[in-house]
Structure formats: structure tokens, C-alpha cells
Amino acid sequence: MLFLILLLPELLVAENLFQNPGLESTSGWLCNSCTGSLSSDKHGGSHSYKVTGRQHVWAGAGQDLHLTAGHTYYFKVYVKILNTVNGKQYHDVESWLDIADNNGNHKYESPGSTKFVTPGQWHLVGGDHHIPSNTKSVRFYIQIPEAGVNYLIDDGELTEVQTLSQFASDADKRIDHLRKADLKISLSGSANPSGIKVEVQQTRSEFGWGSAVNVNYIHDSSHKQYQDFFYDLFEWAVLENALKWPGLENSKGNFQPGNALNAVNAMLAKGVKVRGHNIFWGGSNVVPSWQKSMSGSELKPLLEKHLGDMAKTFRGKFQHWDVENENLHLHFYEDKLRDPHITEWMFREIHRLDPGTQRYLNDYSIVSGGQSAMAYVDQGTHFKSAGVPVSGMGIQSHLGGNVDVSVIKRRLDEVAKVGYPIWITELDINQGDNHRKAQHYEDVMRLYFSHPAVKGVMFWGFWDQRHWRPQAALANGNNVTPNEAGKRVQQLLKHTWRTNESHDIGHGQTVSIRAFKGSYKLLVHHNGKVIHTENFSVGQAGNTLKVNLSGSGSNPHVDKVLIG
């Protein structure tokens, strides 16, 4: 029954509110300042809607909608552009809403766009939008910011985003199902003493909880309070900026990874798992300054060398590589090399050079704002179908002061449909009220922890004096003192979502525990004294520990613990 309860929301199919969503005819759709006709080149069904003769950037296919003011909707369609103009190798495709209020005033807002679309393939475009309370009418339409680009549109979907009315209780049920398993401990053997107690201490979580850290503060002995806060709370880390190309190679040919390597090794020595962020970051304002005037033919060998340098230096030290950061939005290398597939090449090359490290996409405006959620789904789907060795999708999650878990969950659900594991790579919530911030962090963490596709969450910093958004910090002041949000996070990660239990047990008895998945230590006590310890783990199948006692009733000892 619990399994059905967990699946029930996903089994409910929301009504598609587009008229003629499959575009098998022209009914319901209009072509504003363009020519619309049916085409046999389709994404699904038998036809698509072809748009030609666009004389303005805003010209395109659309539909007048009947939506409820004050509600939130998800809009998505498939688009294939048929040509490029002005010497470009790709164009952006945008979804737009023309929203008229009760006074006849119009405002134009975009649910989302998919950038850098090349001709000849179907691409997903759209996003979600909240319809203002004073809305009288809404028109949805597709826009390409250059006139003269023809395109096809097909398989539209318009659904309402449902409010999660029992979010916390439903999420906790999913957490129990996804993140816990059954642990059984039994006691047997030739000795039958009284006063036996079994204690389980969770030493590590299977789910990843971590934070970005400053390269100097994490291993400089003068910042012990910073380090203590981190190591007490987190099991994963990522360096904020120290692995980015400009920091490693400020001048051409002068690759200096020593400081980053020292920080990484210090954390590995303490059992922390580390993400590698990042190999490339293709924004014109964030690439090494010495690259900006180079030609594509000059740059390509340098990309190859950098991949080799990174793999040689850090091979085996990272769990993940963020290969090309924020590639949905930034295309410096695609533009310079005139190669729209250069990011796919980057993934293949680092896989060849460092096959043991997983390779992640990483981008923003996926759950925060959501304007790029459909573009991310589109990118992940295309990379997957092309056989690009992507291991997972990173979602940054830089959130503002107002958090709507219903909308965030819907965006997350859409990305999860691609089928890759998801990591929340850069979580912070910019809220000045620490009590509100604490509740927002708890809600968002509960949402992510309860989602089957999410495998870990990385905070993007924790201390206000080393944070790009100080109001989002978990700790304040020179002593790195946890604020209300920090205390809430500590409570969740060290207590609420951790299993540490002690139970009295007698000969022939079994203790049953519903335990969070992860690594553990078993301690067997006799009259308050530890007489044996044993390491074990709890995974998807749970675990069984059979403790065998020998000796006398006054002096028992553990012969062995059978695990599994």
C-alpha cells in the first residue's frame, strides 16, 4: 500500500489544456504575421505545423488560451528550425505569453527559451508561469529573435502545476521508502548473559550532503573554526573557484594546480568525497583572459592540453567532473571554434582520459526561475540519444526569498524524465530573515531528499564571511556560529535524517530498526562496557547482523558477527 501511495501522484495524468495539441490540423492555432500550414515532417502523430514568411522577430505560431488567473501552468512544445540567417550556426527559440489584464494592458513574459538551436532536429521549448490575478486573456506563442527563420511546431503540452497540499507528510513517506531500509540484529551463542545492549552509529550517509569550500580556509590551520563547522556537518565538498581555468593558468602555459591539490588532498585524508568544479566554463567574461583574442584553430589544441592537465593532476581524486559549466547559457568555445558539438567532444575526451570519474552537466535557472528547465531537458535528451558519456545532471538551485516547493518539484520532475541521476550542486537561499530562511532550507532539503532522481545536495558555501550571498549563509561571525538556518540544517543532517539507536537485547531475540542507508558501526555493550565493535552498511536490500556470544554470563565476548 505504501508503494502505491508513493507512486500515486506520478500516475495521475494532468489534462492537456492546449486545443489540438498534436497539431494534426491547423485548428486552434494561429500564425501571427506569418504563414501557417501542415507538414508531414512531424515529431509525433502524422503532421506538424509549419511556420514560414516571418517578417518580424515576434511573428510565429500561437494559441489563445483559457486559463485561471492566480494559477501556475506548464507550457511546452517541440520546435524544429528549418534554416539559419545572418551567417549564424544556431538560433534561440523562445516561448512567450501575451498577458492582457482587465484594463486592457498587455505585458509580455517568457516561460522559457532554448538557446543555440541548430536546424534539422526537434527541440523542446517552454517552461512554467504564474498567471497574475487580474488577467483577462493569455496568448501563447513561439518567437525566434531573427526574422526569416522558418520552423515546425508539434506536440504541445499545457498543464496546471498542482499545489502540494500535504507536502511534508508526503515527502516524509517518500524519504522512508527511498532513503531507509530494514536492519535486523539478532543475538545467539553459548553465553546467555543479561545486560546486553546493541548500539548502531551511522558514520556516513549514502545520500550525499556537502558544501563548497574556500581553497585556503579548508586546509590553513589558522581557520580551524571554519574547518570544524564543515567537517562536523558535511561529507562532500567542492572547491568554489580554485579549479576554474583562470585560477589554475592565469597566463598561458603556466599551469599551477598546487594550492587546489593541497586542499583536495587534505579533504580526502579526512574521508570527504570531492566534486571537480569545473574543467571548462565557456563564458566570454570567465574564460582565461589570454584566450579572448585567439582564433578557433589556436584554441582547440589548448582545450586538448587542458583536459590532459586536469586528468593527469586530479585523476582518481574526484567523484564527479563538471565538464562544461553552464553550457545552456554560455557558448564561447562553440562560437570561437564554429563547432556546436564541442561540449560533446569535451565529455568524450575527459571520459577517455579519466574514465573512473563521473561526468556532469551543470546549469542554472532550472529550479530557480525555471526559464531553462525545458532547455535542460532538451540538452540532456539530445546528449543521451547521441551517446555522449554524461553521468548525471547538476542543478544549481540558487533560490530567492520566496520558495514554492510545488513549482520546484514540478521543474525537478521534468528534468528527472531524462533519466540521469541528479545532483543539486549549488544550493543557497537568499533570505534575510533567519527564521524564514531556516524553514525554506528545511522545505527544499526535504523536497530534494525525497526525490528519487536526486542523489546528493551541495550547499554553495555556509559562512557569511566567505559567501557570495551572505544572507544565504548558515553561520555568521568570526566564530562561525550557526544561525537559525544553520541549526536547522544541523538538526536535519545529524539527527532527523540519521540513524543512531541503542536497544536492549536478550539471547534469541531480534531487534528491528528502520535505518537510513549508509555506513555504520555496531557496538555491543555488556553492563555499559563496549565488548565488540563491527563496521557494516545498510543499502537498498537492508542488512542482517547475527551476533554470536560465547564465554560466561559474567564475562561474555563476541565470537563473530555474521553480516548479511
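Residues numbered from 1 in each chain as written. Predicted model: local features only at pLDDT ≥ 70, side-chain atom pairs only at ≥ 80, totals over all residues. Heavy atoms only, no water.

Quick look at the UniProt feature "domain: GH10" (unreviewed entry) in the protein chain
Under the local residue numbering, the UniProt record ascribes the feature "domain: GH10" (unreviewed entry) to residues 190–492. Spanning residues 190–492, this segment combines 37% helix with 21% strand, and its end C-alpha atoms are found 41 Å apart. (UniProt positions renumbered as here; feature names shortened; annotations may be inferred. Helix = DSSP H or I, 4+ residues; strand = E, 2+ residues; numbered from the N terminus.)

So, the packing of aromatic side chains
Counted by the stated rule, this structure contains 31 aromatic pairs. With a centroid separation of 4.9 Å and an interplanar angle of 80°, the aromatic rings of Phe 207 and Phe 449 are classed as edge-to-face. With a gap of 242 residues between them, Phe 207 in the loop between strand E12 (196–205) and strand E13 (208–213) and Phe 449 in helix H11 (residues 434–449) connect regions that are remote in the sequence. Taken as a pair, Phe 207 and Phe 449 share a single burial class, namely buried. (Phe/Tyr/Trp six-rings, centres within 6.5 Å; stacked < 30°, edge-to-face > 60°. Buried < 20%, exposed > 50% of the residue type's maximum accessible area, 1.4 Å probe, protein only.)

Here we look at unusual backbone geometry
Here His 277 and Asn 278 are connected by a cis peptide whose omega angle stands at -5°. Tracing the sequence through the fold places Asn 278 in strand E15 (residues 273–281). Although it is not a glycine, Leu 23 adopts a positive phi angle of roughly 50°. Inspection of the secondary structure puts Leu 23 in the loop between helix H1 (2–11) and strand E1 (30–32). Backbone geometry at Ser 397 places phi at a positive 70°, although glycine is not the residue there. By secondary structure assignment, the location of Ser 397 is in the loop between strand E18 (392–395) and strand E19 (398–399).

What about the nonpolar core?
Leu 427 and Tyr 448 are the most contacted members of the largest nonpolar core, which has 126 residues in total. The next biggest cluster of nonpolar side chains, apart from the first, holds 30 residues, and it includes Leu 23, Phe 75, Val 77 and Ile 99. (Core = buried A, V, L, I, M, F, W, Y, C linked by side-chain atoms within 4.5 Å.)

Comments concerning the pairing of strand E6 (residues 91–101)
Counting buried residues in E6 gives 10 out of 11 residues, a clear majority hidden from the surface. By the bridge criterion, eight bridges tie E6 to strand E7 (residues 106–117) in an arrangement that is antiparallel. Considered in E7, the bridge of Ser 95 is made with Gly 112. Connecting the antiparallel pair E6 and E7 is a turn made up of four residues, with Gly 104 showing a positive phi of about 85°. Sheet topology places E6 next to strand E9 (residues 135–143); eight bridges connect them, and they run antiparallel. Residue pairing across strands places Trp 96 opposite Tyr 141, the latter belonging to E9. (Pairing = 2+ DSSP bridges.)

Quick word on the side chain of Ser 450
Examined against the element boundaries, Ser 450 turns out to sit in the loop between H11 and strand E21 (454–459). Within the structure, the side chain of Ser 450 is placed 3.2 Å from the side chain of Arg 174, a separation counted as a polar contact. Setting aside residues up to four positions removed in sequence, Ser 450 forms contacts with Ala 171, Arg 174, Ile 175 and Leu 178. (Polar contact = N/O pair within 3.5 Å; in protein donor to acceptor, adjacent residues only side chain to side chain. Contact = heavy atoms within 4.5 Å.)

Structural notes on the pattern of salt bridges
This structure, assessed with the given rule, holds 27 salt bridges. With its nearest N and O atoms 3.9 Å apart, the salt bridge here joins Arg 348 to Glu 344. One end of the pair is Arg 348 and the other is Glu 344, both in helix H8 (residues 342–353) and four residues apart, which spans about a single turn. Using a relative accessible area of 15% as the deciding quantity, one classes Glu 344 as buried. Note that Arg 410 is salt-bridged to Glu 414, the shortest N-O span being 2.9 Å. Taken together, the residues span about one helical turn, with Arg 410 and Glu 414 both in helix H10 (residues 405–416) at a distance of four residues. Neither residue differs from the other here; Arg 410 and Glu 414 are each classed as buried. A cluster of three or more residues bridged by salt bridges with shared partners is formed by Lys 76, Glu 157, Arg 410, Glu 414 and Lys 417. (Salt bridge = Lys/Arg side-chain N within 4 Å of Asp/Glu carboxyl O.)

Some points on the sheet that holds strand E11 (residues 180–189)
One open sheet holds the four strands; their spatial order is E25-E11-E28-E29, and the pairing between them is mixed. The open sheet is flanked by strand E25 (510–516) and strand E29 (556–563), the only strands paired with a single partner. Across the sheet, the mean angle separating the axes of adjacent strands is 25° when strand polarity is ignored. Here E11 runs beside E25; their pairing, made up of seven bridges, is antiparallel. Bridge pairing links Lys 184 to Ser 512 in E25. (Axes fitted to C-alpha atoms, helices over the stretch in contact; angles between N-to-C directions.)

A closer look at the side chain of Glu 442
Along the chain, Glu 442 turns up in helix H11. Sequence-distant contacts of Glu 442, that is, excluding residues within four places in its chain, are made with Arg 488 and Leu 492.

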